[in-house]
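Residues per chain are reported as follows:
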Amino acid sequence: MQTLPTRMLLTKVGLDGHDRGVKVLARGLRDSGMEVIYTGLWQTPAGAAKAAIEEDVDVLGVSFHSAAHLTLVPMIIEELKARGRSDLPVVIGGIIPPDDVQVMKDAGCAAVLETEASMDSIVSVIEGIASQARAARAKLTASGGVEKWVSAARGGDRVALGRLLTWIENDAKPDEIARRFDDAPDGALIVGMTGPPGAGKSTLIGRLLKEFRQRDKQVAVVAVDPASPLTGGALLGDRARMTLNAGDAGVFLRSAASRGQLGGLAPSTAGMVKAISASKVDVIFVETVGAGQNDVSVYQLANPLVLLMIPGAGDDLQLEKAGITEVADIFVINKADLPGAGVLDAQVRETLGTGRPIVQTVASHGQGISDLADAILAHVPKPRAKQAQRV
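In this report, the structure presented in the accompanying data block is examined. Everything numeric in this text was worked out from a predicted model, so none of it was measured. (Residues numbered from 1 in each chain as written. Predicted model: local features only at pLDDT ≥ 70, side-chain atom pairs only at ≥ 80, totals over all residues. Heavy atoms only, no water.)

## Side note on the environment of D106
For step 1, the next point in the chain: As for its position among the elements, D106 is in helix α4 (residues 98–107).
For step 2, the next point in the chain: It is 59 Å that separates the C-alpha atoms of D106 and L344, two residues lying 238 residues apart in sequence. (Helix = DSSP H or I, 4+ residues; strand = E, 2+ residues; numbered from the N terminus.)

Set out below in structure tokens:
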């Protein structure tokens, strides 16, 4: 029987500006084999609940280094309840006075991780709670939950969509996905976002989410991060760079670990995209892992495929090589405020021609985002050639 990794969302709610401790915890949980989604600092109770539901995590973990837990934890519990997920277990930690531990449990916390707890004991507690959550999910699945989630997701229910994507990621066979979604209209624009590590893919997508929402589009993201080849664990941090519109009901974000698959995507990415496309979404961004020249799996899934490049990453010979530059539909020179952006632009035009759009952006400052959105919407989908096979 397949052993599934525990999925946990870690977040900092409130005005606490310190995240060193929670990042240490995230790494420790990752090294234990968990898939850890980190949302970043300054989250609201509503934002934390929304993220946990979209990710359909086994456990929502919240870290506090200020005295705000007495106020904020009941708000988080209430948000989950109001959104129909009162079953989702909440674990808190950080600096929680001993006198407040029972108060927090009475408020609805599944566990309170005290300051002196060892990493082994933290992992043990979280795994125990996650095991119970997975067992409860399995009962729902066995009792007809999938059909209910499919029906509700098609109507735009994002809670059901989160649950459905977990079934696709963990349990569904390709024919089961096809049977439920092959009749769905191909309405969503699927935009692939790929490029090397550090090119700014997540930040750029975060800006594009805001831009497309201003154009009255319902948008979604499937963001893939690498899993450890040693432990199977993963630190999924793309949400932390997409916070501009994360609380918007018209934005849906889902993180996925590659789970050993090469090529830039996860085994379940295509199935997830198919389900999201049938769920009243206009534009789906698929973010690959930090990709190399030969990581072209997203080419068959997305149309257009956007390739991010950054100044100073290589000479024009790199552009001549086969691989991702051949199949990209739109080129983005991100971090275009750095020296060499104009040189890279000229190299792309000279080496690869001018038949494909080239857009310069500075995602961190929001520059060039409108031009990129225009290029994406103007793209005319092209038939995808089958990848060459070698024996």
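The rest of the description comes next.
## Some words on unusual backbone geometry
For step 1, the next point in the chain: Cis geometry marks the peptide bond from N303 to P304; its omega dihedral reads 25 degrees.
For step 2, the next point in the chain: On the secondary structure map, P304 appears in the loop between β10 (283–287) and β11 (305–309).
For step 3, the next point in the chain: A positive phi angle, close to 65 degrees, is found at D216, a residue other than glycine.
For step 4, the next point in the chain: Tracing the sequence through the fold places D216 in the loop between α8 (201–214) and β7 (219–225).
For step 5, the next point in the chain: Using a relative accessible area of 65% as the deciding quantity, one classes D216 as exposed.
For step 6, the next point in the chain: A positive phi angle, close to 60 degrees, is found at K280, a residue other than glycine. (Buried < 20%, exposed > 50% of the residue type's maximum accessible area, 1.4 Å probe, protein only.)

## Describing the pairing of strand β6 (residues 189–194)
For step 1, the next point in the chain: Burial of β6 is extensive: 5 of the 6 residues sit out of reach of the surface.
For step 2, the next point in the chain: Across 3 bridges, the pairing between β6 and β11 is parallel. Along β11, the bridge assignment pairs G192 with L305. (Pairing = 2+ DSSP bridges.)

## Quick notes on the environment of N303
For step 1, the next point in the chain: Considering the arrangement of structural elements, one finds N303 in the loop between β10 and β11.
For step 2, the next point in the chain: For N303, a relative accessible area of 16% translates into the label buried.
For step 3, the next point in the chain: A sequence separation of 80 residues divides N303 from P383, and the C-alpha atoms of the two residues are 8.8 Å apart.
For step 4, the next point in the chain: The residues contacting N303, other than those within four sequence positions of it, are L189, I190, D329, H379, P381, K382 and R384.
For step 5, the next point in the chain: Engagement of the side chain of N303 in a polar contact is seen with the backbone oxygen of K382, the distance being 2.7 Å. (Contact = heavy atoms within 4.5 Å. Polar contact = N/O pair within 3.5 Å; in protein donor to acceptor, adjacent residues only side chain to side chain.)

## With respect to the sheet that holds β10
Hydrogen bonds between backbone atoms are what pair the strands of a sheet, whose relative direction is either parallel or antiparallel.
For step 1, the next point in the chain: Spatially, β9-β7-β10-β6-β11-β12-β13 is the arrangement adopted by the 7 strands of the open sheet, whose pairing is parallel. Pairing within the sheet leaves two strands with one partner each, and these edge strands are β9 (251–257) and β13 (358–360). Mean inter-strand twist for the sheet, computed between neighbouring axes without regard to direction, equals 20 degrees.
For step 2, the next point in the chain: Summarising the sheet, β11 and strand β12 (residues 330–333) pair through 4 bridges and their orientation is parallel. Note that in β12 the partner of L308 across the bridge is V332.
For step 3, the next point in the chain: Strands in contact with α8 are β6, β7, β9, β10, β11 and β12; relative to β10, the strand with the most contacts, it is inclined by about 175 degrees.
For step 4, the next point in the chain: Contacting β6, β10, β11, β12 and β13, helix α13 (residues 369–378) crosses the sheet at an angle of about 170 degrees to β12. (Axes fitted to C-alpha atoms, helices over the stretch in contact; angles between N-to-C directions.)

## What about the packing of helix α2 (residues 45–55) against helix α3 (residues 69–82)?
Helices that pack against each other are described as a pair by the angle of their axes relative to one another and the distance between those axes.
For step 1, the next point in the chain: Packing of α2 against α3 brings their axes to within 8 Å, and their N-to-C directions diverge by 45 degrees. The angle between the axes of α2 and α3 places the two elements in the oblique class. Relative to α3, the crossing made by α2 is right-handed. In contact with P45, A46, A49 and I53 of α2, α3 contributes L72, M75, I76, E79 and L80.
For step 2, the next point in the chain: Considering only residue class, the contact of α2 with α3 consists of 8 nonpolar, no polar and 1 charged. (Parallel < 35°, antiparallel > 145°, perpendicular 65-115°, else oblique. Left-handed = near helix turned anticlockwise from the far one by under 90°. Nonpolar A, V, L, I, M, F, W, Y, C, P; charged D, E, K, R; others polar.)

## Some thoughts on the nonpolar core
The nonpolar side chains of soluble globular proteins are, as a tendency, buried together.
For step 1, the next point in the chain: With 47 residues, the main nonpolar core has L164, L165, I168, I276 and I284 as its most contacted residues.
For step 2, the next point in the chain: If you tally residues by element for this core, the top one is helix α6 (residues 158–170), at 6 residues.
For step 3, the next point in the chain: If we ignore the near neighbours within four places in the chain, the residues touching L165 are F252, R254, M272, A275 and I276. (Core = buried A, V, L, I, M, F, W, Y, C linked by side-chain atoms within 4.5 Å.)

## Observations concerning the pattern of salt bridges
For step 1, the next point in the chain: In total, this model carries 25 salt bridges according to the counting rule given.
For step 2, the next point in the chain: A salt bridge links D19 to K23, with the nearest nitrogen and oxygen atoms 3.3 Å apart.
For step 3, the next point in the chain: The closest approach of N and O atoms between R349 and D345, which form a salt bridge, is 2.4 Å. Placement of the pair is R349 and D345 together in helix α12 (residues 341–352), with a separation of 4 residues, close to one helical turn.
For step 4, the next point in the chain: Overall, R349 belongs to the partly exposed group, its relative accessible area being 37%. (Salt bridge = Lys/Arg side-chain N within 4 Å of Asp/Glu carboxyl O.)

## Quick word on empty space enclosed by the protein
A water-sized probe, rolled over the atoms, reveals where empty space remains.
For step 1, the next point in the chain: Counted according to the given criterion, the structure contains 2 cavities of 30 Å³ or more.
For step 2, the next point in the chain: In terms of lining residues, the largest cavity is bounded by L4, P5, R7, D56, D58, R134, R137, T166, N170 and R259.
For step 3, the next point in the chain: Approximately 30 Å³ is the volume found for the second largest cavity.
For step 4, the next point in the chain: Around the second largest cavity sit V221, A223, D238, R239, M242, L253, R254 and S255, which together line it. (1 Å grid on protein atoms, 1.4 Å probe; cavity = no way out; pocket = protein on both sides within 12 Å on 5 of 7 lines; lining within 4 Å. Points joined across faces, edges and corners; volume = space filled by probe spheres on them.)

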